[in-house]
Amino acid sequence: MSDPAAVLDDLQAESEEVDALVRDLAAEQWAAPTPAPRWTVAHQIAHLAWTDAAALLAATDPEAFAAETEKALAAPDRFVDDGAEEGAALPPAELLARWREGRERLHRVLREAPAGTRFPWYGPAMSAVSLATARLMETWAHGQDVADALGVVRPPTARLRHVAWIGLRARDYAYLVRGLTPPAEPFRLELSAPEGVSEAGAVWTFGPDDAPQAITGPALDFCLLVTQRAHRADTALVAHGADAEEWLGIAQAFAGPAGQGREPRGNR
């Protein structure tokens, strides 16, 4: 996960896949509700455009980004929704153009960032590769909401490996944002790669071989869980250890306030 160019190539591919979902939509389809309460397809794309703009500001003007962070801290329960509402009010063509322009500018800045550069963010500061991975994770997750709204099934890709990686990296943040103490020891992930993505039976592994706490199961399920697109009960993930079980109940790969997650399918 240390090659910025490879991650940025995957981010671009992920963005183009989501772009293909919406580029030919009729106006009424942009207004279709998604699994996120009160968010339409337009809100999902507006959020991606808004977060790309925030990431670009963090990468080019840290002082201005710090001022935006203060605004976010002053309204932690509203700042994300407010950004989505503003963009969703635009005509679809204008919103789509804004997202395309912003993400391309961000990609260029991250590709040109000197090695070792770290950028401020709403959580811990990030390297170029970590920020690109975070953008890929968000693009995939919100693209999943769009796909669900449109009744489209997206085949999982090898890009999910990035989502799994940042999901594990964000483990301690999920505890801290809830006022909890993270476990002292690292966890192990052993995730079965999606069918057709790697060799049959391939397993993606992260973390020490001898970690006493581990998660096993499908990579897609893990990615859906840490992006809070699926409830723990609706996955085939297995926790090995009490700490691992607790984490699966609070995991989030994204910065910001603790997410509420999704209801189990049986409660919807």
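Every chain's residues receive numbers from 1 upward, in the order its sequence appears when written. Confidence filtering applies because this is a predicted model: local features only for residues at pLDDT of at least 70, side-chain atom pairs given and counted only at 80 or more, and all residues used for totals across whole chains, interfaces and linings. The side-chain quantities take in all heavy atoms of the structure and omit both hydrogens and water.

Enquirer: I'd love a proper account of the overall build of the chain, names of residues and values included.
Expert: Counting from the N terminus, the helices are DSSP H or I runs at least four residues long and the strands are E runs at least two residues long. Along its length, the chain carries 11 helices and 6 strands. Within these notes, the globule rule equals 2.2 Å times the number of residues to the 0.38 power, and the radius of gyration is based on C-alpha atoms. For 268 residues, the compact-globule estimate of 2.2 N^0.38 gives 18 Å, and the chain sits close to it at 18 Å. Dimensions of the chain, computed from C-alpha atoms along their principal axes, come out at roughly 50 × 40 × 35 Å. Contacts between residues were defined by any pair of non-hydrogen atoms, one from each residue, lying within 4.5 Å. The long-range fraction of contacts in the chain, counting pairs at least 24 apart against all pairs at least 6 apart in sequence, stands at 70%. With the model as given, the accessible surface of the chain reaches about 12600 Å², and the carbon-plus-sulfur share is 52%. Calculation of accessible area relied on Shrake-Rupley with a 1.4 Å probe; when residues are assessed, cover is drawn exclusively from the protein chains displayed.

Enquirer: Which residues make up the sheet that holds strand E3 (residues 187-192), and what values do they have?
Expert: Two strands pair under a simple rule: DSSP has to find at least two bridges between them. Strands sit in the order E4-E3-E5-E6 across an open sheet of 4 strands; the sheet is mixed. Single-partner strands in this sheet number two, and they are strand E4 (203-206) and strand E6 (238-240). Put simply, the sheet's adjacent strands are angled 15 degrees from each other on average, direction ignored. Lying over the sheet, helix H8 (residues 160-169) contacts E3 and E4, oriented at roughly 30 degrees with respect to E4. Every angle, taken between N-to-C directions, lies between 0 and 180 degrees, and every axis is a line fitted to C-alpha atoms, over only the stretch in contact when it is a helix.

Enquirer: Please provide a residue-by-residue account of the pairing of E4, values included.
Expert: Three exposure classes are used, based on accessible area relative to the maximum for each residue type with a 1.4 Å probe and protein chains only: buried under 20%, partly exposed in between, and exposed over 50%. What you see with E4 is a clean split: Trp 204 and Phe 206 sit on the buried side and Val 203 and Thr 205 on the side with no burial. Bridge count for E3 against E4 is 4 bridges, and the pairing is antiparallel. Note that in E4 the partner of Glu 190 across the bridge is Thr 205.

Enquirer: Go over the packing of aromatic side chains, please, and point to the residues and values.
Expert: Stacked, edge-to-face and tilted are the three classes for Phe, Tyr and Trp ring pairs, Trp counted by its six-membered ring, which pair at centre distances within 6.5 Å; planes under 30 degrees apart are stacked, over 60 edge-to-face, the rest tilted. Applying the stated criterion to the full structure yields 8 aromatic pairs. Taking the centre distance of 5.8 Å and the plane angle of 55 degrees together, the rings of Trp 50 and Phe 79 count as tilted. Pair noted here: Trp 50 is in helix H3 (residues 41-60) and Phe 79 is in helix H5 (residues 79-88), with a separation of 29 residues, a long-range link. Among the residues examined, Trp 50 registers a relative accessible area of 23% and is labelled partly exposed.

Enquirer: Lay out the side chain of Thr 227 with the relevant residues and their values.
Expert: Counting through the fold element by element, Thr 227 comes out in the loop between helix H10 (219-226) and E6. Polar contact is defined as a pair of N or O atoms within 3.5 Å, subject to the rule that within protein one atom must be able to donate a hydrogen and the other to accept it, and that residues adjacent in sequence are counted only when both atoms are side-chain atoms. Separated by 2.7 Å, the side chain of Thr 227 and the backbone oxygen of Cys 223 make a polar contact.

Enquirer: Quick one: what's the story with the packing of H3 against helix H7 (residues 128-150), residue by residue and with numbers?
Expert: Packed helix pairs are characterised by how far apart their axes lie and by the angle those axes make with each other. For the pair H3 and H7, interaxial distance at closest approach is 9 Å and the crossing angle is 170 degrees. The angle between H3 and H7 places the two elements in the roughly antiparallel class. For the pair H3 and H7, contact is made by Val 41, Gln 44, Ile 45, His 47, Leu 48, Thr 51, Asp 52 and Ala 55 and by Leu 131, Arg 135, Glu 138, Thr 139, His 142, Asp 145, Val 146, Ala 149 and Leu 150, respectively. Gly falls in the polar group here, along with every residue not listed as nonpolar (Ala, Val, Leu, Ile, Met, Phe, Trp, Tyr, Cys, Pro) or charged (Asp, Glu, Lys, Arg). Residues belonging to the contact of H3 with H7 are distributed by class as follows: 8 nonpolar, 5 polar and 4 charged. Should an angle lie under 35 degrees it is considered roughly parallel, over 145 roughly antiparallel, and from 65 to 115 roughly perpendicular; all remaining angles are considered oblique.

Enquirer: I'd like a description of the environment of Ala 72, backed by residues and values.
Expert: One can find Ala 72 in helix H4 (residues 62-74). For Ala 72, a relative accessible area of 6% puts it in the buried group. Taking the C-alpha atoms as reference points, Ala 72 and Ala 128, 56 residues apart in sequence, are found 22 Å from one another. Setting aside its immediate chain neighbours within four residues, Ala 72 contacts Phe 79 and Tyr 122.

Enquirer: Tell me what's going on with the pattern of salt bridges, and back it up with residues and numbers.
Expert: Salt bridge criterion: a side-chain nitrogen from Lys or Arg within 4 Å of a carboxyl oxygen from Asp or Glu. A full pass over the atoms with the stated rule returns 18 salt bridges. Notably, a salt bridge pairs Asp 209 with Arg 188, separated by 2.8 Å at the nearest N-O pair. With Asp 209 in the loop between E4 and strand E5 (213-218) and Arg 188 in strand E3, the pair connects residues that are 21 residues apart, well separated along the chain. Among the ionic contacts, a cluster of salt bridges with common partners joins Glu 14, Glu 17, Arg 154 and Arg 159.

Enquirer: Quick rundown of the nonpolar core? Include the residues and the values.
Expert: Residues grouped as a nonpolar core are buried Ala, Val, Leu, Ile, Met, Phe, Trp, Tyr and Cys residues, joined through side-chain atoms within 4.5 Å. Residues Leu 110, Trp 121, Leu 189, Phe 206, Ile 215, Phe 222 and Trp 247 are the most contacted members of the largest nonpolar core, which totals 56 residues. The element contributing the most residues to this core is H7, with 9 residues. Ranked by size, the runner-up nonpolar core spans 19 residues in total, among them Ala 42, Ile 45, Leu 48 and Leu 95.

Enquirer: Describe the layout of surface pockets, with residues and values.
Expert: Buried and open spaces are told apart on a 1 Å grid over the protein atoms alone, a cavity being a set of points where a 1.4 Å probe fits but cannot get out and a pocket being an open set with protein on both sides within 12 Å along at least five of seven lines. Residues with an atom within 4 Å of a point are the lining residues. Grid points are joined across faces, edges and corners, and a volume is the space filled by probe spheres set on the points. Looking at the second largest pocket, its volume works out to about 240 Å³. In terms of lining residues, the second largest pocket is bounded by Ala 46, Ala 49, Trp 50, Ala 53, Leu 56, Gly 83, Glu 86, Gly 87, Arg 98, Glu 101, Gly 102 and Arg 105. Secondary structure elements with two or more residues in the lining of the second largest pocket: H3, H5 and helix H6 (92-112). Element by element, the count of residues in the lining of the second largest pocket is highest for H3, at 5 residues. The residue inventory of the lining of the second largest pocket, partitioned by class, reads 5 nonpolar, 3 polar and 4 charged.

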